[in-house]
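Architecture at a glance
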Amino acid sequence: KDERSRFWGMYKRVAEEHDSEFLERYTTDMDIVLIFSGLFSAVSTSFIVAMESNLSPDPSDTTNALLKQLVQIGLGNLAEAGSTPVDPASTWSPTVPTLWIQAIAYASLLLSLLAAFGAVLAKQW
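Residues numbered from 1 in each chain as written. Predicted model: local features only at pLDDT ≥ 70, side-chain atom pairs only at ≥ 80, totals over all residues. Heavy atoms only, no water.

Helices and strands together make up the secondary structure of the protein, namely four helices and zero strands. Moving toward the C terminus, one meets the helices and strands of the protein in the order α-α-α-α. Counting contacts in the protein only where the partners sit at least 6 residues apart, residues at least 24 apart contribute 78% of the total. (Helix = DSSP H or I, 4+ residues; strand = E, 2+ residues; numbered from the N terminus. Contact = heavy atoms within 4.5 Å.)

Next up, the structure:
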């Protein structure tokens with residue numbers, strides 16, 4: 001019985017050393033993942049905010065069309081001005097490359113946040 005208890009004591013000491021090295025190594029790895037994903041999320045979010053204006057029509061186009069119509073009315077060209085106000089935003093739609101770029105930007109943000117979430121779960125486990 002003495003040899004068995006010595007074996008399990010030695011096993012416990014070696015296992016604790018191995019576990020502590022393992023936890024220290026992966027804790028620092030998770031810290032690096034958290035820092036990287038946090039920075040990447042911040043940069044990705046700033047790009048998304050900057051590209052957000054590409055998804056809606058330019059308000060100055062509507063203003064310019066309405067001003068042109070007012071000038072035509074002021075000059076007496078009622079036929080050219082038309083009876084209904086022009087709304088260029090009704091015919092506007094974002095281009096396909098813009099939609100693809102936005103989708104990729106949102107996907108990268110989502111994956112970055114999932115990586116951060118996974119790192120937090122791994123650190124707490």
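A word on helix α1 (residues 2-51). Taking 1.5 Å of rise per residue, 50 residues should cover 74 Å, and α1 covers 72 Å from first to last C-alpha, within 8% of that figure. Tucked into the core, α1 has its buried residues touching α4 (96-124). (Expected span 1.5 Å × (residues − 1).)

For the rest of this paragraph, the subject is α4. In a regular helix each residue adds 1.5 Å, so 29 residues correspond to 42 Å; α4 covers 42 Å between its end C-alpha atoms and thus fits that length. Inspection of α4 places Thr-98, Gln-102, Ala-105, Leu-109, Ser-112, Ala-116 and Ala-119 among the buried residues, and these make up the whole buried set. (Buried < 20%, exposed > 50% of the residue type's maximum accessible area, 1.4 Å probe, protein only.)

By the element assignment, Gln-102 lies in helix α4. By relative accessible area, Gln-102 is classed as buried at 4%. Leaving out residues up to four positions away in the same chain, Gln-102 has contacts with Ile-48, Met-51, Glu-52 and Leu-55.

Let's shift gears to the pattern of salt bridges. Taken as a whole and assessed by the stated rule, the structure comprises two salt bridges. Between Glu-17 and Arg-13 there is a salt bridge; the shortest N-O distance is 3.5 Å. Placement of the pair is Glu-17 and Arg-13 together in helix α1, with a separation of four residues, close to one helical turn. We note a salt bridge from Asp-31 to Lys-123, for which the minimum N-O separation is 2.6 Å. With Asp-31 in helix α1 and Lys-123 in helix α4, this residue pair connects regions lying 92 residues apart in the sequence. Of the residues examined, Asp-31 reaches a relative accessible area of 31% and is grouped as partly exposed. With relative accessibility at 38%, the residue Lys-123 sits in the partly exposed group. (Salt bridge = Lys/Arg side-chain N within 4 Å of Asp/Glu carboxyl O.)

This part takes up the packing of aromatic side chains. Two numbers describe a pair of aromatic rings. These are the distance of the centres and the angle of the planes. Tallied over the full model, the rule gives five aromatic pairs. Centre to centre, the rings of Phe-22 and Tyr-26 are 4.5 Å apart; their planes meet at 55 degrees, and the pair counts as tilted. Within this pair, Phe-22 and its partner Tyr-26 are both found in helix α1, separated by four residues, close to a single helical turn. Of the residues examined, Phe-22 reaches a relative accessible area of 37% and is grouped as partly exposed. The class of Tyr-26 is partly exposed, set by a relative accessible area of 37%. Judged by centre distance (6.1 Å) and plane angle (25 degrees), the ring pair of Phe-36 and Phe-40 falls under stacked. With Phe-36 and Phe-40 both in helix α1 and four residues apart, this pair spans about one turn of that helix. (Phe/Tyr/Trp six-rings, centres within 6.5 Å; stacked < 30°, edge-to-face > 60°.)

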